[in-house]
Amino acid sequence: MIAYVLLIVLIAASLPPSTANTPHSNSFDAIKGCIQFDDALGYNETPLYLATNTFRHIGRTSNSRYFRIGVVGKNDGHIRYGRTAFPFNDNVIELVLSGWGNTQTVSRRQYRHRNQTFNNVLLKELATPRLLHRARPMVFKLEVFDNGLVQLTKDGEPKPFFQFTDSLHAIPPDYMAFVKFDVDMIYFYDCPLNEEPTAMIGGADSVLLRCSFA
C-alpha cells in the first residue's frame, strides 16, 4: 500500500499544472510564451496583416477559431482581421479596445479603399471603463464563430466581457493586424491558450483508481 501511495504522489507531481485559472503573481506572467508586437503603425497607415494559420497556438471547435491576445497601452487598442493579407476594397472587422479615453469598446465592419479612405459600420459599442492599462497587459481570448458571432473573454473570467454578431458577413480571422491610434501600444499575440492539459495516462484521480486495483 505504501508503494502504491508513493507511486501516486510521484505521478501526480510529474503532471504539468493547469494555468487556466491560476492567478499570476506578476501580471506579465500572463503573456509568457506570446510573441511581442510593439511596432504598431498609425490608424491610417498600412498595417502588417499576419497569417493566423502560421500561429503556433490556435484553438478550434467544430464551429469557431480562437486566439489568446495581450494588450498594453493607455487606450485605443485596435485589432483588425479579415480574409486576406491586403484587404483593400474588402471588409474587415475592427475591434477598438478602450477607445474614447479608456471608456468603451467598439466593434465595426470596415471597408477600406486603396487610397486609405474607409467606411465604418458600427456593430456594437459597450462601456468598458479602465479596461486597458499603460503598465500591465490585459489578456483575453478572441473567439470567432463561423456564423459571425465574436466573443472577447478576459483571462480568468467565465463569460465574455464583449460580444457581437455580424451574421450577414461572418468575416473569418484568416489574417490579423494590430494598429494604434493616438498613443503607442504593445501587443502580444500567438499566446499559449492555457487550457487544461490532457495527460496520456489520465489525471491524478484516474491514476489512483488504477493503482488501487493493481
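Overview of the structure. Worth saying up front: this structure is predicted, and the values here are computed from it rather than measured. (Residues numbered from 1 in each chain as written. Predicted model: local features only at pLDDT ≥ 70, side-chain atom pairs only at ≥ 80, totals over all residues. Heavy atoms only, no water.)

**Examining the side chain of threonine 128**
Note the cut-off: To qualify as a helix, a DSSP run of H or I must reach at least 4 residues; to qualify as a strand, a run of E must reach at least 2; elements of each kind are numbered from the N terminus. Throughout, a contact is declared for two residues whenever any of their heavy atoms are within 4.5 Å.
Along the polypeptide, threonine 128 turns up in the loop between β8 (118-127) and β9 (138-145). Sequence-distant contacts of threonine 128, that is, excluding residues within four places in its chain, are made with Ser98, Asn102, Thr103, Gln104, Thr105 and Phe161.

**Re the environment of serine 167**
Where we set the bar: Burial here depends on accessible area, computed with a 1.4 Å probe over protein chains only, as a share of the maximum for the residue type. Under 20% is buried, over 50% is exposed, and the range in between is partly exposed.
The topology assignment puts serine 167 in the loop between β11 (162-165) and β12 (175-179). Of the residues examined, serine 167 reaches a relative accessible area of 52% and is grouped as exposed. In sequence terms serine 167 and glycine 148 are 19 residues apart; their C-alpha atoms lie 4.5 Å from each other.

**Section: the sheet that holds β8**
Think of a sheet as strands paired side by side through backbone hydrogen bonds, with each pair either parallel or antiparallel. What counts is decided by this rule: By the convention used here, strands pair only if DSSP detects at least 2 bridges between them.
Within the open sheet, the 6 strands sit side by side as β2-β12-β5-β6-β7-β8. Their pairing is antiparallel. Two strands close off the open sheet at either side, each with one partner strand: β2 (50-51) and β8. Relative to β12, β2 is paired through 2 bridges, and the arrangement is antiparallel. The partner of leucine 50 across the bridge, within β12, is methionine 176.

**Focus: the nonpolar core**
For soluble globular proteins, nonpolar side chains are generally found buried alongside one another. Counted only if it meets this: Here, nonpolar core means buried Ala, Val, Leu, Ile, Met, Phe, Trp, Tyr and Cys residues that are tied together by side-chain atoms lying within 4.5 Å of each other.
With 29 residues, the main nonpolar core has Ile69, Ile79, Phe140, Leu142, Leu152 and Phe178 as its most contacted residues. For this core, the elements supplying multiple residues, two or more each, are β4 (64-72), β5 (77-82), β6 (90-98), β9, β10 (149-154), β11, β12 and β13 (186-189). At 4 residues, the largest contribution of residues to this core is made by β9. Once residues lying within four places of it in the same chain are set aside, the contact partners of phenylalanine 178 are Phe37, Ala40, Leu41, Leu50, Ile69, His78, Ile79, Tyr187 and Tyr189. Of all hydrophobic cores here, the second largest spans 7 residues; its members include Ala30, Val72, Val139 and Phe188.

**Considering the side chain of threonine 52**
With respect to the secondary-structure elements, threonine 52 resides in the loop between β2 and β3 (59-61). By relative accessible area, threonine 52 is classed as buried at 1%. Once you skip the residues sitting within four places of it in the chain, threonine 52 turns out to touch Ile58, Arg65, Phe67, Pro173, Asp174, Tyr175 and Met176.

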